[in-house]
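# Results of the structural survey
For reference, the chains in residue letters:
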Amino acid sequence: MVDIPVEHFSYIALFVFFAGLYGFFTRKNMIAMLMSIELILNAVNIQFVAFNYYLYPDLMEGMIFSLFIIGVAAAEAAVAIAIIINVYRRFKTINVEKVNSMKY
Amino acid sequence: MLAAAIVVFSVLTVTTRLILRAAIYLLFALLATAGIYLMLNYQFLAAVQLTVYAGGIIILIVFSVLLTSHINDRLELESSGRRIAAGVVGLVGFVLTAVTIARTNFTPVNAAPIETDTKAIGTALMSYGENGYILPFEVISILLLAAMIGAIVIAKKR
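Remember, predicted model here, so these are calculated numbers, not experimental data.

### What to know about the overall build of chain B
Within chain B one finds six helices and zero strands. Listing each helix as α and each strand as β along chain B from the N terminus yields α-α-α-α-α-α. Here the C-alpha atoms of chain B give a radius of gyration of 20 Å, more than 25% beyond the 15 Å that 2.2 N^0.38 yields for 158 residues. Projected onto its principal axes, the C-alpha positions of chain B cover 50 × 50 × 25 Å. The burial tally for chain B puts 23% of its 158 residues in the buried class.

What follows is the structure, encoded as C-alpha cells:
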C-alpha cells in the first residue's frame, strides 16, 4: 500500500476538475474548451482509480470504469475535432461567439 | 511531486494564451496522471492512458490546432468580469467539495490488492455474470464504431 491518505488524491482530482471547469467557462476557442473537457474527464479518472485502490482493493471496477471513460473520451475527441474542422471550414473561425448559426 | 506537476500543468493549460502551449501542458498533466496510476500499481491503465490520451488525443488536438489557427495567435481573453466570476465559481465549488471530502470518513480497506495484470483485465472484460464487463465492452465497441463513422461523415468534404 502507498501510505498517502485517499483524501489527497481526492483533492488533486478536485483541483484538476475545477481548473478544467474554469477553463471551460473562460475559453472562447473551441479546441481550448475541448482540452478543458479532457482535463475534467482526467480528474474523474484519478478519483475512480484512487477510490478503487483504497476502498475496494479486491475488485477492479474503478479501473475498468476508467478504461471505459478513456475510450469514450477518445471517441468524443475524435467527433469533436471533426465538428470543429467542419465549423472552421464554414465560418473560418472557431471562436464560439462568432459561430452563431447552425443553418447553412 | 506528481501531484504538484498535475496541479501546475492543469492550471497552465487553462491559463496560457498560446493554444499550442496549452496542448503541451495538457500532455504533461496527462503524463503525470499516468505516473499516479503507475504509483498505484495499475500498469495496464497507465499504458492505456499513455497511448490513448498522451499519444492519440494530444496528437489529434495538435493537428487540429495547426489546421485551424496560426501558431502565434494569442487566444482571446474573456472579459475580466467573466473570468473573475468563473474563478469564483471554481473556487467555491472546490472549497465546498473539499470540505465535504474532509468531513467524510473514508475507511481504507486492508484487503490484499487484486492482481491487475493484463490477463485478469482481459478475463474481466470478456466474462459475464459476477465481475464481468462484457456488456459495457460491447456497448463501447458500438460507440467507437459510431464515432468513427460520425467523424468521417462530419469531416467529409461536401
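### Examining the packing of helix α2 (residues 30-55) of chain A against helix α3 (residues 61-91) of chain A
All names here are of chain A. Closest axis-to-axis distance for the α2/α3 pair is 9 Å, and the angle between their directions is 175 degrees. Judged on the interaxial angle alone, α3 and α2 are roughly antiparallel. Taken together, the residues of α3 that come into contact with α2 (itself represented by Met30, Ile31, Leu34, Glu38, Leu41, Val44, Asn45, Phe48, Val49, Phe51 and Asn52) are Glu61, Gly62, Met63, Phe65, Ser66, Ile69, Ile70, Ala73, Ala77, Ala80 and Ile84.

### Overview of the interface of chain A and chain B
In this assembly, 61 residues from chain A lie in contact with 65 residues from chain B. When contributions to the side of chain A that touches chain B are tallied by element, the ones reaching two or more residues are α1 (6-26), α2 and α3 of chain A. Of the residues forming the side of chain A that touches chain B, the biggest block, 21 residues, is contributed by α3(A). Among the residues forming the side of chain A that touches chain B, the class breakdown is 45 nonpolar, eleven polar and five charged.

### Some details on the domain arrangement of chain B
Domain assignment breaks chain B into domain 1 (1-75) and domain 2 (114-158). A C-alpha centroid distance of 23 Å is found between domain 1 of chain B and domain 2 of chain B.

### Side note on the nonpolar core
In terms of nonpolar packing, the biggest core is built from 67 residues, with A:Ile31, A:Met35, A:Val49, B:Ala23 and B:Leu26 touching the most fellow members. For this core, the leading source of residues is α2(A), giving 14 residues. Taken domain by domain, this core gets at least three of its residues from each of domain 1 (1-75) and domain 2 (114-158) of chain B. Every residue in contact with A:Val49, bar those within four places of it in the chain, is listed here: A:Gly62, A:Met63, A:Ser66, B:Tyr37, B:Leu40, B:Tyr42 and B:Leu45.

### What about unusual backbone geometry?
Not every positive phi belongs to a glycine, and B:Asn41 is a case in point at roughly 75 degrees. The partly exposed category is assigned to B:Asn41, around which 16 C-beta atoms lie within 10 Å.

### Here's the deal with helix α1 (residues 2-15) of chain B
With 14 residues, α1(B) extends 20 Å between its outermost C-alpha atoms, agreeing within 8% with the 20 Å of an ideal straight helix rising 1.5 Å per residue. Here α1(B) has its buried residues at B:Ile6, B:Phe9, B:Ser10, B:Thr13 and B:Val14. In an axial view of α1(B), the angular spread of the buried residues amounts to 130 degrees, which keeps them on one side of the axis. Summarising the contacts, the buried residues of α1(B) are in contact with α1 and α2 of chain A together with α2 (19-39) of chain B.

Calculation rules
Residues numbered from 1 in each chain as written. Chains lettered and ligands numbered in written order. Predicted model: local features only at pLDDT ≥ 70, side-chain atom pairs only at ≥ 80, totals over all residues. Helix = DSSP H or I, 4+ residues; strand = E, 2+ residues; numbered from the N terminus. Rg over C-alpha atoms; globule rule 2.2 N^0.38 Å. Buried ≥ 20, exposed ≤ 12 C-beta atoms within 10 Å, placed from the backbone. Axes fitted to C-alpha atoms, helices over the stretch in contact; angles between N-to-C directions. Parallel < 35°, antiparallel > 145°, perpendicular 65-115°, else oblique. Contact = placed C-beta atoms within 7 Å. Nonpolar A, V, L, I, M, F, W, Y, C, P; charged D, E, K, R; others polar. Domains from an automatic or database assignment. Core = buried A, V, L, I, M, F, W, Y, C linked by C-beta atoms within 7 Å. Expected span 1.5 Å × (residues − 1). Arc of directions from axis to C-beta.

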